[in-house]
Amino acid sequence: MDVHAAAPEAAPSFAMLVEPHLDYLYAFARKLCGERMAAEDLVQDTLVRAFRAHESLRNRERPRYWLTKILLSASADRWRKEAPHEHDVPLEDERFSLFDTLVEEDPLPYSDRLHLDFLDLFDDDNLNASLQRIHAAHRTALVLAYVYGYKAREIAELTGTTTGTVLARLHRGRKQLEKALWEYAKQRGLLKGETRT
Amino acid sequence: MIACRDAVERLWSYLDRNIDQAQELELEQHLGLCRHCCGELEFAKQVRNKLSESAEMPLAPTARERLHKFVERLGER
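The model shown is predicted, which means the values in this text are computed figures rather than measured ones.

> Give a detailed account of the domain arrangement of chain A, specifying residues and quantitative values.
All names here are of chain A. Per the domain assignment, the segments making up chain A are domain 1 (8-81) and domain 2 (98-187). Here the C-alpha centre of domain 2 lies 25 Å away from the C-alpha centre of domain 1. Every contact between the two is made by 8 residues of domain 1 and, on the other side, 11 residues of domain 2. Those elements giving two or more residues to the side of domain 1 that touches domain 2 turn out to be helix 2 (22-33) and helix 4 (63-81).

> Break down the interface of chain A and chain B for me, with residues and values.
Taken together, the 29 residues of chain A in the interface contact 24 residues of chain B. Of all the secondary structure elements, the ones that give two or more residues to the side of chain A that touches chain B are helix 1 (14-18), helix 2, helix 3 (36-53), helix 6 (114-120), helix 7 (124-131), helix 8 (136-147) and helix 10 (163-187) of chain A. Top element by residues in the side of chain A that touches chain B is helix 3 of chain A. It accounts for 6 residues. Grouping the constituent residues of the side of chain A that touches chain B by class yields 20 nonpolar, 3 polar and 6 charged.

> Go over the packing of helix 8 of chain A against helix 10 of chain A with me, naming the residues and quoting the values.
Residue and element names in this part refer to chain A. Here helix 8 crosses helix 10 at 95°, and the two axes come no closer than 8 Å. Comparing the axis directions of helix 8 and helix 10 gives the class roughly perpendicular. The segment helix 8 lies against helix 10, with Ala137, His138, Arg139, Ala141, Leu142 and Ala145 engaging Val166, Arg169, Leu170, Arg172, Gly173, Gln176 and Leu177.

> Break down helix 3 of chain A for me, with residues and values.
Note: α-helices contain 3.6 residues per turn, so residues at a spacing of three or four share the same orientation. Helix length check: helix 3 of chain A (18 residues) gives 26 Å between terminal C-alpha atoms against 26 Å at 1.5 Å per residue, within 8%. Looking only at helix 3 of chain A, the buried set comprises Ala39, Glu40, Leu42, Val43, Thr46, Leu47, Ala50 and Phe51 of chain A. Each element contacted by the buried residues of helix 3 of chain A is listed here: helix 1, helix 2 and helix 4 of chain A together with helix 4 (61-76) of chain B.

> Tell me about the environment of valine 103 of chain A, and name the residues and values.
Mapped onto the fold, valine 103 of chain A is located in helix 5 (residues 98-105). In sequence terms valine 103 of chain A and leucine 114 of chain A are 11 residues apart; their C-alpha atoms lie 7.8 Å from each other.

So, how was this worked out
- Residues numbered from 1 in each chain as written.
- Chains lettered and ligands numbered in written order.
- Predicted model: local features only at pLDDT ≥ 70, side-chain atom pairs only at ≥ 80, totals over all residues.
- Domains from an automatic or database assignment.
- Contact = placed C-beta atoms within 7 Å.
- Helix = DSSP H or I, 4+ residues; strand = E, 2+ residues; numbered from the N terminus.
- Nonpolar A, V, L, I, M, F, W, Y, C, P; charged D, E, K, R; others polar.
- Axes fitted to C-alpha atoms, helices over the stretch in contact; angles between N-to-C directions.
- Parallel < 35°, antiparallel > 145°, perpendicular 65-115°, else oblique.
- Expected span 1.5 Å × (residues − 1).
- Buried ≥ 20, exposed ≤ 12 C-beta atoms within 10 Å, placed from the backbone.

Next comes the structure, spelled out in structure tokens:
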């Protein structure tokens, strides 16, 4: 359904506004909170907030951006109430290098494309599970920047912070992601010869 | 010339184009001479590609139907 096909003076209905973005909202929510039901719940929370606010929506040409901002606000409210996850990768381990670890540990000894083959171990579900081990604010920045291509200044606006804070979160998030991918592959037995722990 | 540790710290910012011109020049000079950091750069590109390729997350038909009905009910309020 094309939202822009409506007559210029006619405000689109709420359904017309949000329906084209349901798949995106769900995919985004899955990246942020991992589980299917939690993601659906977050999308519903987003829709309720969007419904309450849509009458005052001024820029109707950017509904996806508007919905993204609402979803981020809803997810931030949830995380404020939650305790840190037990599998969260420690923040202090910033010197870890996945590139070097793969060379030193040689976990795929028969691979002639070691680094690429390591990444190939991760399907969407495994990658998503690894993302869930990253601190929520860092994960949010990573997902916005590298999954959906938002610029740092846009992420700052979307998450209500400064560009400097976003750049710091991206830096720490990248380090956490490297560690999370390595730990997840080891713990889930994705590496040859490993057993699940 | 900057050290490998400094070069690696800048790689993602370099790919993001969030790096100033002087730092970019230092990094490119380093990359011109350091095979290890070129490998790190290539790996950083691969990780980024992995993330960007994961944008789609299929919405199950039953979940889509639930959300569709949820939107309808909101609109009826």
